[in-house]
Amino acid sequence: MASKIDSVHQSLTEKGIRKLCCELLDLKDAVENMCGDMRTKYLAFLRISEEAVEMEHELVELRKHISSQGIIVQDLMAGLGREMDEWNRSAGDAHDSDNSESKDPLPDELTDPKSEFLEKIDLLLAEHKVDEALEAMDAEERSNPDLKASAEMSSYKSAFMGRKAVLEDQLLRIVKQPSVSVAELKHALSGLIRLGKGPSAHQLLLKFYATSLHRRIEAFLPSCSTCPNTFPATLSKLVFSNISVAAKESAAMFGDDDNPAYSNKVVQWAEREVEYLVRLVKENAAPSETVAALRAASVCLQDCLNYCKVLEPQGLILSKLFLVLFRPYVEEVLELNFRRARRVIFDLTETDEGLESSSDFVAVLSEFAIASDTTMTDCSIRFMQIVQDILEQLTHLVVLHFGESVLTRILQLYDKYIDFLIKALPGHADEDGLPELQDNTILARAETDSEQLALLGAAFTILDELLPKSLVKVWKLQIENGGGEGDSSAALISSSAPELKEWKRHMVQAFDKLRNYFCLQFVLSFIYSREGLTRLDALIYLTETPDDSQLPSLPFQALFSKLQQLAIIAGDVLLGKEKLQKILLARLTETVIIWLSNEQEFWSAFEDESTPLQPSGLQQLILDMNFTVEIARFAGYPFKVVQNHASVVINRAIDILSSRGINPQVSLPKPEWFTEAAKSAINRLLMGSEDASEPEEYDCEEDDDHIVLPEIGDDHSDSLDMSSLSSMDSFESFASASMADLESPTFTDSES
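Residues numbered from 1 in each chain as written. Predicted model: local features only at pLDDT ≥ 70, side-chain atom pairs only at ≥ 80, totals over all residues. Heavy atoms only, no water.

Overview of the overall build of the protein chain
Helix and strand counts for the protein chain stand at 26 helices and zero strands. Per-residue burial over the protein chain gives 44% buried out of 752 residues. Of all intrachain contacts in the protein chain linking residues separated by at least 6 positions in sequence, the fraction that spans at least 24 positions is 75%. For the protein chain, the accessible area works out to roughly 39,200 Å², and carbon and sulfur atoms hold 53% of it. (Helix = DSSP H or I, 4+ residues; strand = E, 2+ residues; numbered from the N terminus. Buried < 20%, exposed > 50% of the residue type's maximum accessible area, 1.4 Å probe, protein only. Contact = heavy atoms within 4.5 Å. Areas by Shrake-Rupley, 256 points an atom, 1.4 Å probe, with all protein chains shown as cover.)

In structure tokens:
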């Protein structure tokens, strides 16, 4: 039974194979028949093409024959007219005949040579021997000056000019033939020049090169879609090489240097061809918002300006005209590409398959996704991807002529990106006057410190590392001192390009918006409780009785603890970004005192005359201010600006006490005491014990400056200037000092 099944199965398999083989053979026959038909049709096409060419030649010969017959008819009519004149003269009386013979301008002995010459010219024209006809006519004009003179027209001169017009017509027909070669063209144009038709010949020369160029371009245009990025290079090469050849031929044949009219005609013609090129590039480029259109525009501008420079020695100055014509298109392409960038960055539902996912900065920015919402990290990655993609399309000359425009658009895009990040921070960003971004992305708030620091880290990395690195490559800047890629930002700043420095300054200002907003929200969350009550109340200096612990007030102890915690988190999230860590923590310290100096409710309590004031409260306030300064000094931040702001707070408090008749100098310790007490408090808080007998030394900047208290008799309106800090007006805020190479503006009181 099994063997029977096997035999049946084998039989069915063999039948299937045979059937398949038959179908394959049928398919083979069909393919061979198709190929045979194609070959037959191709041969028929070639045969028809050859017949068309032969027919064209026959038509040309027929035209020549008709022309020669026309010339013969004209000669017969002219000869018959002469014979009729002679017969009429011979029919008169003898006297009139003698007088007529004496006055005949063409006596018999002269008539015969001129008639023979005209017959010779007619024969040469009938045989289309234009060179021999030209030589004969030139020789006749040299031997008979009357032919060139402007005297009255004789019958012989009229006949000569008629032959000359026929020769000109023959030369024009040669020039206007579609299949005329360059050699034949030049030969015919030389004949026209010898006939005195130089302007017409020059116009025909330019028309020939224009027609030839347009034919070549029309043949090339169908392939533009297959190479959208590089087709402008081919077009520009066709156009400018054609202009160059035409200009050289014009100079060689017509002597443009000797005749400015010809050179002006060449320039005007070349300008029309450049306009034609610009129009072709616009019409055949990809949509303006695509990267392909940007690349095509960059390649076109680079090649065309290079060709324009090559043509300048020939007297063709075309670069200015090209820039005037092409600039609006480049600006349009740039604008639409950056609009597309905004959509891709801020609308994460938008996709762009052309963006590379293996870029170096993807790994750098992905590090912040550990502590942050991945939506914001994707936004940062997309920002760098699309900006990098745009920058890679730019050529050197595009950067030279449009670099400032590109930088402005990058700045605007980064500013929108910063606003986008601010919306993710705690608080209602829209209520703070931030522009509303039209995006379809629902953002999760960055509630934790690590998430907020991750946003800052991504924005700072783009500003300080990734963008400078990309711009260094595009702007062809050299890294100074062979520092390698790590010095990209420094090289960008030290570049001689002024637009880069100005751009960097504005970019830092954009980042400062995010930094300042973070610092302000952080400080406000520390100062105010969830119930909206302030923890930093003036009552702690007015009603509480100070103890002998020589410690700052509880809010400032809490500030120290919170800054320590934030520093630990920043060390993890912003690993390797020590500069940013110092910028943020120093700015936070500065913001606390700025807020205090501007908080009117705090100072209203001091100025309320119904509230009793005690020098001990002032002592506690001065200790808190010195403690804040020492926090910055202890952490290694530049503390001069913090010290300045602290002096403002202290001097204002002293002014209030002095105005109410209280002399604080009686009970206040010396300035050195406050500094030592603040240092001791930091060490005691670090050790977690209040019985530390000696303050542990910590590394800080060696400086003997203290917050100097003004004397009561001094003019308190200038108390800040009278302090030892009056000479420190050249110091900038820590944020600016740490970002000196980024040219960050100083964060003043009005910015808080």
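What to know about the nonpolar core
Core analysis: the biggest nonpolar cluster contains 193 residues, and Leu301, Phe326, Phe383, Tyr414, Tyr417 and Phe606 have the highest contact counts within it. If you tally residues by element for this core, the top one is helix 14 (residues 396-422), at 15 residues. Those residues in contact with Tyr414 that sit more than four places away from it in its chain are Phe383, Ala459, Ile462, Leu463, Met507, Ala510 and Phe511. (Core = buried A, V, L, I, M, F, W, Y, C linked by side-chain atoms within 4.5 Å.)

Considering empty space enclosed by the protein
For the structure on display, the rule yields one cavity of 30 Å³ or more. If you add up the space inside the largest cavity, you get close to 30 Å³. Forming the walls of the largest cavity are Tyr541, Leu542, Phe606, Leu613, Gln614, Gly617, Leu618 and Leu657. Among the secondary structure elements, those contributing two or more residues to the lining of the largest cavity are helix 18 (539-542) and helix 22 (615-634). For the lining of the largest cavity, the class distribution of residues is six nonpolar, two polar and no charged. (1 Å grid on protein atoms, 1.4 Å probe; cavity = no way out; pocket = protein on both sides within 12 Å on 5 of 7 lines; lining within 4 Å. Points joined across faces, edges and corners; volume = space filled by probe spheres on them. Nonpolar A, V, L, I, M, F, W, Y, C, P; charged D, E, K, R; others polar.)

What to know about the environment of Pro612
If you trace the backbone, Pro612 turns up in the loop between helix 21 (600-607) and helix 22. For Pro612, a relative accessible area of 52% corresponds to the exposed category.

Observations concerning the packing of helix 4 (residues 130-143) against helix 5 (residues 155-175)
To describe two helices that pack against each other, one gives the angle between their axes and the distance between the axes. The interhelical angle for the contact between helix 4 and helix 5, taken along N-to-C directions, is 150°, at an axis separation of 11 Å. The orientation of helix 4 relative to helix 5 falls into the category roughly antiparallel. Here helix 4 and helix 5 pass one another in a crossing that is left-handed. Contacts between helix 4 and helix 5 involve Val130, Ala133, Leu134, Met137, Glu140 and Glu141 from the first element and Tyr156, Phe160, Arg163, Lys164, Leu167, Gln170 and Leu171 from the second. Of the residues in the contact of helix 4 with helix 5, the class split is eight nonpolar, one polar and four charged. (Axes fitted to C-alpha atoms, helices over the stretch in contact; angles between N-to-C directions. Parallel < 35°, antiparallel > 145°, perpendicular 65-115°, else oblique. Left-handed = near helix turned anticlockwise from the far one by under 90°.)

Describing the pattern of salt bridges
When the charged atoms of two side chains lie near each other, side chains of opposite charge can form a pair. Evaluated as defined, the whole model comprises 16 salt bridges. Residue Asp419 is joined to Lys513 by a salt bridge in which the shortest nitrogen-to-oxygen separation is 3.0 Å. Residue Asp419 is found in helix 14, and its partner Lys513 is found in helix 17 (residues 498-527); the two are separated by 94 residues along the sequence. Note on Asp419: relative accessible area 1%, which makes it buried. The class of Lys513 is partly exposed, set by a relative accessible area of 31%. Of the charged contacts in the structure, one is a salt bridge between Glu502 and Arg505, with a shortest N-O distance of 2.6 Å. On the criterion of helical spacing, the pair formed by Glu502 and Arg505 is a turn pair, its members being three residues apart in helix 17. Within this structure, Glu331, Glu335, Arg339 and Arg409 form a network of salt bridges that share partners. (Salt bridge = Lys/Arg side-chain N within 4 Å of Asp/Glu carboxyl O.)

Side note on the state of the cysteines
Tallied over the entire structure, the rule returns zero disulfides. Cys21 provides the cysteine sulfur closest to Cys22, a residue in no disulfide bond, and the two sulfurs are 7.0 Å apart. Here Cys22 falls in the partly exposed class, since its relative accessible area comes to 46%. (Disulfide = S-S within 2.5 Å.)

Function cannot be read off these values alone, since they describe shape.
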